Amino acid sequence: MSSKPQASPAKTAGAPSGAPAGKPKLDISILKRIIRAFLKSYPKLIPLVIFCIIFSAVAASLPALFTQNIVSIIEKWYITRDWEGAKAEILPKIILLVGMYGLSILSSLAYTQIGAYITQGFLCKMRCAMFDKMQDLPLNFFDRKKHGDIMSVYTNDIDTLRQLVSQAIPTLLQAGVVVTAVLFIMLYFSLWLTLVVVAGVLAILFVSGKIGGGSAKFFVRQQASLGRAEGYIQEMMNGQRVIKVFNHEEQSQKGFDEVNNALYNDSFKAHAFANSLGPIIFNIGNLLYVLVSVVGGILLLSQAKNVSLSGMAFSVSIIVPFLGMTKQFTGNVNQVAQQFNSLIMGMAGAGRVFALLDREPEVDDGYVTLVNAVIDENGNITESEKRTGRWAWKHPHGDGTITYTELKGDVLLEDVDFSYIEGKQVLYDISVFAKPGQKVAFVGATGAGKTTITNLLNRFYDISDGKIRYDGINIKKIRKADLRRSLGIVLQETNLFTGTVMDNIRYGRLDATDEECIAAAKMAGADSFITRLPKGYSTELTNNGSNLSQGQRQLIAIARAAVADPPVMILDEATSSIDTRTEAMVQAGMDKLMENRTVFVIAHRLSTVMNSDVIMVLDHGRIIERGSHSDLIAAKGTYYRLYTGSFDAD
Ligand SMILES: Nc1ncnc2c1ncn2[C@@H]1O[C@H](COP(=O)(O)OP(=O)(O)OP(=O)(O)O)[C@@H](O)[C@H]1O
Ligand SMILES: [Mg+2]
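Participant: It is not clear to me how the site of ligand 1 should be interpreted in this structure. Could you clarify?
Facilitator: What surrounds ligand 1 is a group of 14 residues, the closest being Gly447, Lys450, Thr451, Thr452 and Gln492. The backbone of Gly449 places a nitrogen or oxygen atom 2.9 Å from an oxygen atom of ligand 1. In this structure, an oxygen atom belonging to ligand 1 sits 2.8 Å away from a side-chain N or O atom of Lys450. The protein chains hide 67% of the 630 Å² of surface that ligand 1 would expose on its own. Residue contributions to the shell around ligand 1 peak at 3 residues, all from helix H13 (residues 450–457). In the shell around ligand 1, the residues fall into 5 nonpolar, 7 polar and 2 charged.

What follows is the structure, encoded as structure tokens:
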């Protein structure tokens, strides 16, 4: 995170990237993909839900037919006054009508319940797929993307997807079925009245298209503003200490006001537009209702010839259900119009979810794996199931044979060039030769490229040119997980996870026993402070271990790397916040652990690197000096100046 809380919020915290600007579009290919993914998530239950939706929609449309029947029976009774006959006719119709409504309610209930289960399940699966994908992405994805953006995909964008699959799509389906069914029933009764309704509905669609399009634009913007506000809050929360140190509360507030007002503006416009849609459609619907009554009345009085699918004569028994259907028709069209925003927002959100899912994963074409090995006195290697404390590279060849090479920690970099961003080279012609058991140190100014070299050894990034060999094997052939398992790394930035101290140490090797974790902590010099914590090894750590001191966090990180008992260890500024006495203790422990194993150390404190077998001095991405401490002192070059300079500073 940047430590510049005063910077403009637009720059510090991110809008969900790729938020479409301007007029939102209905991207049918995204909609298709959502529907496909949704159908695939519950292939059996979704057809059942669709059936229930269609059934309840049809069941809700049919009563108009019965109403017409019932009204015509009452009309007949009015003329003939044959109550018994009318009763015998009307009762079964009423029972059928009630039955229809009952079934409609039951199927609605079924689809809402199963619907909740499958939509939440679908979202759960999507989040899972996203997280799974995220774990496979190369580090440069996280370097370039604002973390607030990625968070926003999990929260805001998934929420728009929820609205889409739980509300918009079912509503569209249901309303579509009702509108089609009602349209046919209307045509069955009267062509002229149907034409009046269709004309009214076209007017509704026109208005809602205008207003809906306007509000959708602001809903998409609101979504982007929300992401920006969230990112800003997150950043300010992380930067609380820096904000207080520099008295930047006011600027931080100003920055927040800016993003908050943008959010307010977009949300206000989106909702103002959207809220006006309902009343407008409602009133057009009322007008239509009146129009249908008037036109129906005129048709009735003028004895006009009724044109319909049924050829039924025009009568009150047609006008009554027709008025009901008009309400139903406009009500459903209104519902569809209301879903327009969810549809647009859902597709924008889904676009970002799919963009994450479509990211190229980190390529790993390594086929050389790391196995536990038993090595006899003649040097013959056999693979073992159990942990033997020795390892071998298992190298399958094209001809089907397998060879084993002992893992020794022989690391060779040959003329390595590297750049994080194309065109901005960071490392030039780096050659390092580390024999097993050697301690190799990198020193040099800030930004010289020390951490970058270690990032290449574990293949966080791939080199642009040159070669890296590990026990004689090109590291590109080694499966990444195995390569990283063979390297114990204490990163420059300490990261502890929520959990106990013991959990955090065990992170190094999940099958390590409590005793092994405690032994590693003792070796790392962490045991003495851990046992003094309120709950010792069971003390809960939160917020990256904010209840510990910086040095204590580093000691836990060292213990975590040590419990993995790796053949090669990389320590990047691992002891930078630890006092010299504790450091000497850590070193003694490490030296014992690292006997016959290779260690790379990066340190600004020269006392840490003095006893290394070879020291590389880096300057602007090049190795400018190499040799032992005494060689380099004697050479009176950069190292000499750094070293004596550090004495001066002390
Ligand atoms: N993820 C990254 N993306 C782009 N450039 C980077 C990245 N990480 C580091 N750099 C650049 O690479 C150069 C070397 O950085 P590196 O982290 O290796 O320095 P360092 O020697 O470890 O410094 P320090 O002593 O401060 O830890 C720097 O100029 C830095 O700006
Ligand atoms: Mg560094």
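Further notes follow.
Participant: Hey, could you run me through the layout of surface pockets in this one?
Facilitator: One water molecule sets the probe size; rolling that probe over the atoms shows where empty space is left. In this model, the second largest pocket occupies a volume close to 370 Å³. Lining the second largest pocket are 22 residues, and of these Phe38, Val49, Ile53, Val165 and Pro170 sit closest to its centre. For the lining of the second largest pocket, the elements supplying multiple residues, two or more each, are helix H2 (28–41), helix H3 (45–61), helix H5 (83–136) and helix H7 (147–189). Here the lining of the second largest pocket gets 8 residues from one element, more than from any other, and that element is H7.

Participant: What exactly am I supposed to notice about the coordination of the magnesium ion (ligand 2) here?
Facilitator: In ideal tetrahedral geometry, four donors around a metal make angles of 109.5 degrees, whereas ideal octahedral geometry with six donors gives angles of 90 or 180 degrees. Within the protein, the atoms that donate to the magnesium ion (ligand 2) are Thr451 (OG1) and Gln492 (OE1), at distances of 1.9 to 2.3 Å. With a gap of 41 residues between them, Thr451 in helix H13 and Gln492 in the loop between strand E10 (487–490) and strand E11 (499–500) connect regions that are remote in the sequence. When its relative accessible area of 39% is taken as the criterion, Gln492 is described as partly exposed.

Participant: I'm lost on the side chain of Thr608 in this one. Help?
Facilitator: By the element assignment, Thr608 lies in helix H20 (residues 606–609). Overall, Thr608 belongs to the buried group, its relative accessible area being 3%. Apart from the residues within four sequence positions on either side, Thr608 is in contact with Lys439, Thr575, Glu583, Gln587 and Ala603.

Participant: Teacher, can you tell me more about the pattern of salt bridges here?
Facilitator: Where charged atoms of side chains with opposite charge meet at close range, the side chains can pair. Evaluated as defined, the whole model comprises 17 salt bridges. Between Arg162 and Asp159 there is a salt bridge, with its nearest N and O atoms 2.9 Å apart. Taken together, the positions of Arg162 and Asp159, both in helix H7 and 3 residues apart, correspond to about one turn of that helix. A relative accessible area of 33% means that Asp159 is categorised as partly exposed. Residue Arg387 is joined to Asp565 by a salt bridge in which the shortest nitrogen-to-oxygen separation is 3.5 Å. Residue Arg387 is located in the loop between strand E2 (381–384) and strand E3 (391–396), and its partner Asp565 is located in the loop between helix H18 (550–563) and strand E13 (568–572); the two are separated by 178 residues in the primary sequence.

Participant: What is the right way to read the sheet that holds strand E6 (residues 424–434) from this model?
Facilitator: Backbone hydrogen bonds hold the strands of a sheet together, and the pairing may be parallel or antiparallel. The antiparallel open sheet is built from 4 strands, whose spatial order is E6-E5-E8-E9. The outermost strands of the open sheet, each flanked by one partner alone, are E6 and strand E9 (473–474). Against the sheet, H13 makes contact with strand E5 (411–421), E6 and strand E8 (465–470), and its axis sits at roughly 110° relative to E5, the strand it touches most.

Participant: How do you make sense of the pairing of strand E4 (residues 402–406) when you look at a structure like this?
Facilitator: Residues in a regular strand point their side chains to alternate faces of the sheet. Two elements, E3 and E4, share 5 bridges in a ladder whose sense is antiparallel. In the strand pairing of E4, His395 is matched with Thr403. Hairpin connection, E3 to E4: the antiparallel pair is bridged by 5 residues, and Gly400 has positive phi, about 90°.

Participant: Could you clarify how one ought to interpret the packing of aromatic side chains in this entry?
Facilitator: Aromatic rings considered in pairs are described by the distance between their centres and by the relative angle of their planes. A complete count under the given rule lists 15 aromatic pairs for this structure. Following the ring pairs from residue to residue traces out a cluster consisting of Phe418, Tyr420 and Tyr461. The ring of Tyr428 carries the charged tip of Arg622 above its face, separated from the ring centre by 4.0 Å.

Participant: What exactly am I supposed to notice about a negative patch on the surface here?
Facilitator: Taken together, the side chains of Glu414, Asp415, Asp429 and Asp465 make up a negatively charged region of the molecular surface. Within the element layout of this structure, Asp429 appears in strand E6. The class of Asp429 is partly exposed, set by a relative accessible area of 48%.

Participant: Any chance you could explain unusual backbone geometry here in plain terms?
Facilitator: The phi angle of most residues is negative, glycine excepted, and most peptide bonds adopt the trans form. Of note in the backbone geometry, Asp429 takes a positive phi value of approximately 45° without being a glycine. In this structure, Asp471 takes a positive phi of about 50° despite not being glycine. Mapped onto the elements, Asp471 comes out in the loop between E8 and E9.

Participant: I would appreciate a short explanation of the pairing of strand E1 (residues 369–375) in the present structure.
Facilitator: Where burial is concerned, most of E1 is hidden: 6 out of the 7 residues are buried. Where E1 and E2 come together, 4 bridges link them in antiparallel fashion. Looking at E2, one finds that Ala373 is bridged to Glu383. Connecting E1 to the next strand, E2, in antiparallel fashion are 5 residues, including Gly379 with a positive phi near 85°.

Definitions and limits used
Residues numbered from 1 in each chain as written. Chains lettered and ligands numbered in written order. Predicted model: local features only at pLDDT ≥ 70, side-chain atom pairs only at ≥ 80, totals over all residues. Heavy atoms only, no water. Near = heavy atom within 4 Å. Polar contact = N/O pair within 3.5 Å; in protein donor to acceptor, adjacent residues only side chain to side chain. Areas by Shrake-Rupley, 256 points an atom, 1.4 Å probe, with all protein chains shown as cover. Helix = DSSP H or I, 4+ residues; strand = E, 2+ residues; numbered from the N terminus. Nonpolar A, V, L, I, M, F, W, Y, C, P; charged D, E, K, R; others polar. 1 Å grid on protein atoms, 1.4 Å probe; cavity = no way out; pocket = protein on both sides within 12 Å on 5 of 7 lines; lining within 4 Å. Points joined across faces, edges and corners; volume = space filled by probe spheres on them. Donors = N, O, S within 2.8 Å, 3.2 Å for Na, K, Ca; no water. Buried < 20%, exposed > 50% of the residue type's maximum accessible area, 1.4 Å probe, protein only. Contact = heavy atoms within 4.5 Å. Salt bridge = Lys/Arg side-chain N within 4 Å of Asp/Glu carboxyl O. Pairing = 2+ DSSP bridges. Axes fitted to C-alpha atoms, helices over the stretch in contact; angles between N-to-C directions. Phe/Tyr/Trp six-rings, centres within 6.5 Å; stacked < 30°, edge-to-face > 60°. Lys NZ or Arg CZ within 6 Å of the ring centre and 35° of its normal. Patch = residues over 30% accessible without salt bridge, like charges linked within 9 Å, V, L, I, M, F, W, Y side chains within 5 Å. Lys, Arg positive; Asp, Glu negative; His and termini not counted. Charge placed at Lys NZ, Arg CZ, Asp CG, Glu CD.

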